[in-house]
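# Working through the structure, step by step
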Amino acid sequence: MGESAKTAASAAVRHSERLYVPWWGWPLPVLGAILLAAEVDMGYPGVRAWLPYVIALPVVVGLMLSLGRSKVRVTGGDEPELWVGDAHLPLRYAGEVEIFDKEAKRKALGRDGDPAAYVLHRGWVGPVVRVRLTDPADPTPYWLFSTRRPERVAELIKGA
């Protein structure tokens, strides 16, 4: 990819965020891995006592990093799109946009939700955004996804 293509691609991204796990979500899983490794260490002392630490800690760190790899992006350009995780939606099919705060998202995710909806929820991110789809060929009624900047995302989707 040439420099001009990289510049054009980066200029087309109007909003991008990674839904990473915050610092306060790390201590408990890491402590659990250490305690699990210590239990195995007590059962099998000796030369292989270090092995559970070498396995458990990287596995937990890898799991925590993989939980935070989801991205929310809004691109501009010729065909503006909303990217949530690996899925993308051309914004010409985006209809009504609603923002749910931390308290209201329980209802939106619960029994009032549609099982055919596309949902990307991260519990450590407070607000969610719901975008209704206007594509008659798409069986998905709406997208519901977590974002740390719901007003910005809603503004970009409505403005497209």
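Rules used in this analysis
- Residues numbered from 1 in each chain as written.
- Predicted model: local features only at pLDDT ≥ 70, side-chain atom pairs only at ≥ 80, totals over all residues.
- Heavy atoms only, no water.
- Helix = DSSP H or I, 4+ residues; strand = E, 2+ residues; numbered from the N terminus.
- Buried < 20%, exposed > 50% of the residue type's maximum accessible area, 1.4 Å probe, protein only.
- Lys, Arg positive; Asp, Glu negative; His and termini not counted.
- Salt bridge = Lys/Arg side-chain N within 4 Å of Asp/Glu carboxyl O.
- Polar contact = N/O pair within 3.5 Å; in protein donor to acceptor, adjacent residues only side chain to side chain.
- Contact = heavy atoms within 4.5 Å.
- Expected span 1.5 Å × (residues − 1).
- Arc of directions from axis to C-beta.
- UniProt positions renumbered as here; feature names shortened; annotations may be inferred.
- Pairing = 2+ DSSP bridges.
- Axes fitted to C-alpha atoms, helices over the stretch in contact; angles between N-to-C directions.
- Patch = residues over 30% accessible without salt bridge, like charges linked within 9 Å, V, L, I, M, F, W, Y side chains within 5 Å.
- Areas by Shrake-Rupley, 256 points an atom, 1.4 Å probe, with all protein chains shown as cover.
- Core = buried A, V, L, I, M, F, W, Y, C linked by side-chain atoms within 4.5 Å.

Structurally, the position occupied by Lys105 is in helix α4 (residues 105-109). Put simply, Lys105 is tucked away with no salt bridge, and the nearest opposite charge, on Asp101, sits 9.3 Å away. In this structure the side chain of Lys105 is engaged in a polar contact, spanning 2.9 Å, whose partner is the backbone oxygen of Val125. Reaching out from Lys105, the side chain makes a polar contact with the backbone oxygen of Gly126 at a distance of 3.2 Å. Excluding anything up to four places from it in sequence, Lys105 contacts Phe100, His121, Arg122, Gly123, Val125, Gly126 and Val128.

Within the secondary structure, Ala117 sits in the loop between α4 and β6 (118-120). Residue Ala117 is classed as buried on the basis of its relative accessible area, which comes to 15%. Sequence separation between Ala117 and Phe145 is 28 residues; the distance between their C-alpha atoms is 10 Å. Contacts of Ala117, omitting those with residues within four sequence positions, involve Thr140, Pro141 and Tyr142.

Turning next to helix α3 (residues 51-67). In this model, α3 (17 residues) spans 25 Å end to end at C-alpha, consistent with the 24 Å of a helix rising 1.5 Å per residue. When we look at burial in α3, the residues that qualify are Pro52, Ala56, Val60 and Met64. Relative to the axis of α3, the buried residues are bounded by an arc of 70° and lie together on one face.

Looking now at the UniProt feature "transmembrane region" (unreviewed entry) in the protein. Within this structure's numbering, the places UniProt gives as "transmembrane region" (unreviewed entry) are residues 20-38 and 50-67. The distance from the first to the last C-alpha atom of residues 20-38 is 28 Å, and the span holds 63% helix and 0% strand. Between the end C-alpha atoms of residues 50-67 the distance is 26 Å, and the span holds 94% helix and 0% strand.

Next up on the list: the sheet that holds β6. Spatial strand order, β5-β7-β8-β6: four strands in an open sheet with mixed pairing. With one partner strand each, in any of the chains shown, β5 (94-100) and β6 form the two edges of the open sheet. Taking the axes of each pair of neighbouring strands and ignoring which way they run, one obtains an average angle of 10° across the sheet. Of the strand pairs in this sheet, strand β7 (residues 128-133) and strand β8 (residues 142-146) are connected by five bridges, and their pairing is antiparallel. Directly across from Val128, in β8, lies its bridge partner Ser146. Along the sheet, helix α5 (residues 150-159) makes contact with β5, β7 and β8, crossing β5 at roughly 165°.

With that settled, the discussion passes to a nonpolar patch on the surface. On the surface, Trp50, Leu51, Val54, Ile55 and Val59 cluster together to form a nonpolar patch covering roughly 480 Å² of accessible area. The residue Trp50 is located in the loop between α2 (27-43) and α3 in this model.

Here we come to α5. Buried within α5 are the following residues: Pro150, Val153, Ala154, Leu156 and Ile157. Take α5 and look down its axis: the buried residues cluster within an arc of 165°, on one side only. Opposite the buried face of α5, by more than 90 degrees, sit the exposed residues Glu151, Glu155, Lys158 and Gly159. Considering only its buried residues, α5 is in contact with β1 (13-18), β2 (71-75), β3 (81-84), β5, β7 and β8.

Of all hydrophobic cores here, the largest spans 20 residues; its most connected members are Leu82, Leu89, Val131, Trp143, Phe145 and Ile157. Listing elements by their share of this core, those giving two or more residues are β2, β3, β5, β7, β8 and α5. When residues of this core are assigned to their parent elements, the largest contribution, four residues, is made by α5.

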